[in-house]
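Structural description and commentary
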Amino acid sequence: MTERRLLILFGSQTGTAQDTAERIGREAKRRHFQCRVEALDSYDVANLINELLVVFVCATTGQGDPPDNMKMFWRFLFRKNLPPTSLCQMDYAVLGLGDSSYPKFNFIAKKLHKRVLQLGGNPLLPVALGDDQHDLGPDAVVDPWLLALWDKILALYPLPPGLEVISPDVCLPPRYTLHYLAEDSLHSDSSLLQSTPPRTLPSELHPFAARMVSNQRVTAESHFQDVRLIEFDVTGSGITFSAGDVVMIQPQNCPEDVQQFCQLLRLDPDKCFLLKPTEPGTALPAHLLQPCTIRHLVTHYLDISCVPRRSFFELLSHFSTNELEREKLQEFSSAQGQEELYSYCNRPRRTTLEALWDFPHTTSAIPPEYLLDLIPRIRPRAFSIASSMLAHPGRIQILVAVVRYKTRLSRPRRGLCSTWLASLNPEQGDIRVPLWVKKGGMKFPADPDTSVIMIGPGTGVAPFRAAIQERVAKGQKGGESVCSAPHPGERTAAMGAAEWPECSHLPGWVASLRQFSCSPELPGNSQPVAKSWCPEAGSIQRQSLQLLSWTNPFTCLPWCCLSRTEAAQEAEAVVPSSCSLAAVVLPSSGSDTSSIECLPEMKGSFPALLQ
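Scope of this entry: the structure provided in the associated data block. (Residues numbered from 1 in each chain as written. Predicted model: local features only at pLDDT ≥ 70, side-chain atom pairs only at ≥ 80, totals over all residues. Heavy atoms only, no water.)

Right, let's get into helix α7 (residues 310-317). Burial analysis of α7 places 7 of its 8 residues in the buried class, which makes it a mostly covered element. Among all positions of α7, only Arg310, Ser311, Phe312, Phe313, Leu315, Leu316 and Ser317 are buried. (Buried < 20%, exposed > 50% of the residue type's maximum accessible area, 1.4 Å probe, protein only. Helix = DSSP H or I, 4+ residues; strand = E, 2+ residues; numbered from the N terminus.)

Turning next to the environment of Ile166. For Ile166, the position within the fold is in the loop between α4 (139-156) and β7 (176-180). On the basis of relative accessible area, Ile166 is assigned to the partly exposed category, the value being 25%. In sequence terms Ile166 and Glu27 are 139 residues apart; their C-alpha atoms lie 8.9 Å from each other. With near-sequence residues (within four places) excluded, Ile166 lies in contact with Lys29, Arg30, His32 and Leu172. (Contact = heavy atoms within 4.5 Å.)

What follows deals with the nonpolar core. One recurring pattern in soluble globular proteins is that nonpolar side chains are buried together. Membership of the largest hydrophobic core comes to 39 residues, with the highest contact counts inside it found for Phe261, Leu297, Leu302, Phe313 and Leu371. In contact with Leu371, not counting residues within four places along its chain, are Phe261, Leu265, Leu267, Leu297, Leu302 and Ile366. (Core = buried A, V, L, I, M, F, W, Y, C linked by side-chain atoms within 4.5 Å.)

The general pattern is negative phi for most residues beyond glycine and trans for most peptide bonds. Put simply, Gln290 and Pro291 share a cis peptide bond, and its omega is -10 degrees. The topology assignment puts Pro291 in the loop between β11 (272-277) and β12 (292-293). Positive phi is not limited to glycine here, since Arg266 has a value of about 55 degrees. Looking at Arg266, the relative accessible area reads 69%, which means it is exposed.

Moving on, we come to the sheet that holds β12. With respect to topology, 3 strands assemble into an open sheet ordered β7-β11-β12, the strand pairing being antiparallel. Bordering the open sheet on either side are β7 and β12, each of which pairs with just one other strand. (Pairing = 2+ DSSP bridges.)

Here we come to the side chain of Asp139. Positionally, Asp139 belongs in helix α4. Overall, the relative accessible area of 17% leaves Asp139 in the buried class.

Where helix α8 (residues 323-333) contacts helix α9 (residues 338-346), the two axes come as close as 7 Å, and the packing angle between them is 105 degrees. Judged on the interaxial angle alone, α9 and α8 are roughly perpendicular. Contacts between α8 and α9 involve Lys328, Glu331, Phe332 and Ser333 on the former and, on the latter, Gln338, Glu340, Leu341 and Tyr344. (Axes fitted to C-alpha atoms, helices over the stretch in contact; angles between N-to-C directions. Parallel < 35°, antiparallel > 145°, perpendicular 65-115°, else oblique.)

Further remarks concern the pairing of strand β10 (residues 246-249). The side-chain alternation of β10 yields two buried faces, one formed by Val246 and Met248 and the other by Val247 and Ile249. Relative to strand β13 (residues 381-384), β10 runs antiparallel, the two being bridged by 4 bridges. In the sheet register, Val246 faces β13, and the bridge partner there is Ser384. As defined by bridge partners, β10 adjoins strand β17 (residues 432-438) across 4 bridges and the pair is classed as antiparallel. Within β17, the position partnered with Val246 by the bridge is Lys438.

Quick look at the side chain of Thr61 now. With respect to the element layout, Thr61 can be found in the loop between β3 (53-59) and α2 (71-77). With relative accessibility at 13%, the residue Thr61 sits in the buried group. In contact with Thr61, not counting residues within four places along its chain, are Gln13, Pro66 and Pro67.

Here is the structure:
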């Protein structure tokens, strides 16, 4: 009989595709398959020619871009020298997860399906396209597609004689077991982030423990938005970056939430353990140190502040000893209960910790071995770098808007990473933050004499700040006009001229560091048109903005509440004929290509540039 092996490969940016891939893996184990679930970039792609049965689960990010953990696989798969019969022995299926409000809906899944077909693969089913915009979310497509998939797979690989599909009522074994150690094996959490010289460049697996130098609020105390200018010392890390790059920061849960979690589950936070896989061949979590304390696991690894997914309630229902709680958990994990689950979880942005509070009998019965199956790991957060290495050697600066708001039910919510960063005070001790740098999607011209119009339609001023610092450090002089776009409804300037103090002394430097407001009185006679949001009128209003000089490298025109096409048209309208325009830079989320290549809709504007 043919060996019953199934490989499930996923490309996931926010964790949804990974969660779906792991769900397929659990269903495969119930059908007695030898199953592996791996991120596409973690898999040795050279072995793909030997695989007989593969399911791909992949998301689409940004403007039709692959997730970070499948980019190497993506580049390899589209090599032109791959033979057209490379994958002729493979039966495969592709499940895409996307959002139909984006132009390139599920672009990666469609292209992957087509490419594997070109290389000789045998599709089991047409590509499935899950949609976040559906009333029931991606599961509206995933559920029926999985039923059809298992029918196809079991027709090719029938169950062994005497075996039946394991019932969904049976709880599968955990992926890992916890082996507790004696107390003298404990090591404090402070030893886990020591700043040791890295052997390689810092990465997600090996972040650099950067010292926080300063944490300064740059908005007024009376202002509704708390924005921080935070500086890190990365001396000795080997980190290099340029304007437009991104720093990734690994956040952690606050001590109060960690304490509540341990109390709910009746865990001793100081217990030390070793993690061991239940099945041979299962890889240990790459981001978790060994040995480890319960406190470190909850603080640095388990994302207890995320909105729980359907799989969370499905697994939780197996531990419930309370009939009422079990019935509700089973409802949330059923296909029929997805609308109710959305109302309970997604609409109020309920956290995992809050959900555990709502099911106290079940929570107290959760075996610690299942924690890593139940709760996903904390994902790193990306911040545009707001400084230049030329201006600040060995330092990284970021601008962080602290996320705090209330839901429709008046429940307070806070961003995990921004709140944690804002709480750190470098004046009270040696504060270390794990980080690494990756290339951003915004690319500035290498030629310092190239004129640039920078348009930030709601994306923030941080990368522009870095680019201006870089130009100033290279000796460019005066005449720039810098304006930062406000949050809709903002009436007063949030960040003033102090944000660019190093520029103010330069000969000829004139900076207009102000938000667009609703005031029609702006100085000057030459007044090109810009747009901003007018809260009184409730619509986009035109207003004048004096551009003090077009003869020098930088003029920054951030427009909020505009599409990129509108922004491009506005830029074309206000550029005087005397401006030697050579590049237009617009932020595009998650893009690895140049901004111009990501904006085909702009080809009507600046034709000399984009031809």
